[in-house]
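Residues per chain, in single letters:
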Amino acid sequence: MNEALGTAVLVVVAFSIFSHGVAANGPVAEWDRGWWPAWCGHRLLAGGTTGYAINPARDLGPRLVHWLLPIPGKGGSNWSYALIPIVGPLLGGALAGVLVRFAHL
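Model, not experiment: these values are computed from the prediction. Counting restarts for each chain: residues are numbered from 1 in the order of the written sequence. In keeping with the predicted nature of the model, local features appear solely for residues at pLDDT of at least 70, side-chain atom pairs appear and are counted solely at 80 or more, and the whole-chain, interface and lining totals rest on all residues. Think of the side-chain values as coming from all heavy atoms in the structure, minus any hydrogens and water.

Considerations on the packing of aromatic side chains
Pairing of aromatic rings covers Phe, Tyr and Trp, the last through its six-membered ring, and needs centres within 6.5 Å; plane angles under 30 degrees mean stacked, over 60 mean edge-to-face, and all others mean tilted. Evaluation of the coordinates by the stated rule reveals one aromatic pair. Geometrically, the ring pair formed by W67 and W79 is edge-to-face, given 6.0 Å between the ring centres and 85 degrees between the ring planes. Taken as a pair, W67 in helix α3 (residues 57-68) and W79 in the loop between α3 and α4 (84-103) lie far apart in primary sequence, twelve residues in all. For every residue, the accessible area (1.4 Å probe, protein chains only) is compared with the maximum for its type, and the residue is labelled buried under 20%, exposed over 50%, or partly exposed between those bounds. Overall, the relative accessible area of 52% leaves W67 in the exposed class. Among the residues examined, W79 registers a relative accessible area of 37% and is labelled partly exposed. Secondary structure counts use DSSP, requiring at least four H or I residues in a row for a helix and at least two E residues in a row for a strand, with both numbered from the N terminus.

As C-alpha cells, this is what we get:
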C-alpha cells in the first residue's frame, strides 16, 4: 500500500503542477525557476519506507544477484517480498492516471 500510495501522490502532483486545469497558462513559468526540482527531490527523499517507487530495479537486481551467487553461509533472498516494489508502483501509477483522467486536471 505504501509503494502504491507514494507513486500515486508523486504522479498526481506532477500532473497537477503542469495542468491547464489548475491555471489558465499552467504554472510552468514559476516552476522553471527551480521549484520543480526542489519539490521532486524533497518528495523522493521523504518518500516511503522503502523508496522503491523511484526505481523497482533497486530491489529486484540485488535480490537476483544474491540468489544467483554461490556465497557460503548466505541467508535467503526473501522472495516473499519481491513483488511488492514492482507491483505497488505500477498500481499506484495506474490509480493516479485514472484519478487525473476523471478529475480533468
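Continuing now.
A closer look at a nonpolar patch on the surface
To count toward a patch, a residue needs a relative accessible area over 30% and no salt bridge; like charges are then connected within 9 Å, while nonpolar side chains (Val, Leu, Ile, Met, Phe, Trp, Tyr) are connected within 5 Å. In these tables, accessible area is a Shrake-Rupley quantity obtained with a 1.4 Å probe, and a residue counts as shielded only by the protein chains included in the view. By definition here, a salt bridge exists when the distance from a side-chain nitrogen of Lys or Arg to a carboxyl oxygen of Asp or Glu is within 4 Å. Taken together, the side chains of L64, W67, L68 and W79 present a nonpolar region at the surface, about 450 Å² in accessible area. Residue position: L64 is located in helix α3. Classification of L64 as partly exposed rests on a relative accessible area of 36%.

Some points on helix α1 (residues 2-17)
Here the expected span of a helix is defined as 1.5 Å times the quantity of residues minus one. For α1, built from 16 residues, the straight-helix expectation of 22 Å at 1.5 Å per residue is met to within 8% by its first-to-last C-alpha distance of 23 Å. Those residues of α1 lying buried are E3, A4, G6, T7, A8, V12, S16 and I17.

Considering the packing of α1 against α4
Axis angles are defined between N-to-C directions and span 0 to 180 degrees, where every axis is a line fitted to C-alpha atoms and, for a helix, only to the segment in contact. Across the interface, α1 lies against α4 with an axial gap of 7 Å and an inter-helix angle of 35 degrees. Our pair here, α1 against α4, has a crossing hand that is right-handed. In contact with E3, A4, T7, A8, V11, V12 and F15 of α1, α4 contributes I84, G88, P89, G92, G93, L95, A96, L99 and V100. Gly is placed with the polar residues, together with every amino acid not listed as nonpolar (Ala, Val, Leu, Ile, Met, Phe, Trp, Tyr, Cys and Pro) or charged (Asp, Glu, Lys and Arg). Partitioned by chemical class, the residues of the contact of α1 with α4 number eleven nonpolar, four polar and one charged. Should the near helix be turned anticlockwise from the far one by less than a right angle, the crossing is left-handed, and should it be turned clockwise, the crossing is right-handed. A contact between two residues is defined here by any heavy atoms of the two lying within 4.5 Å.

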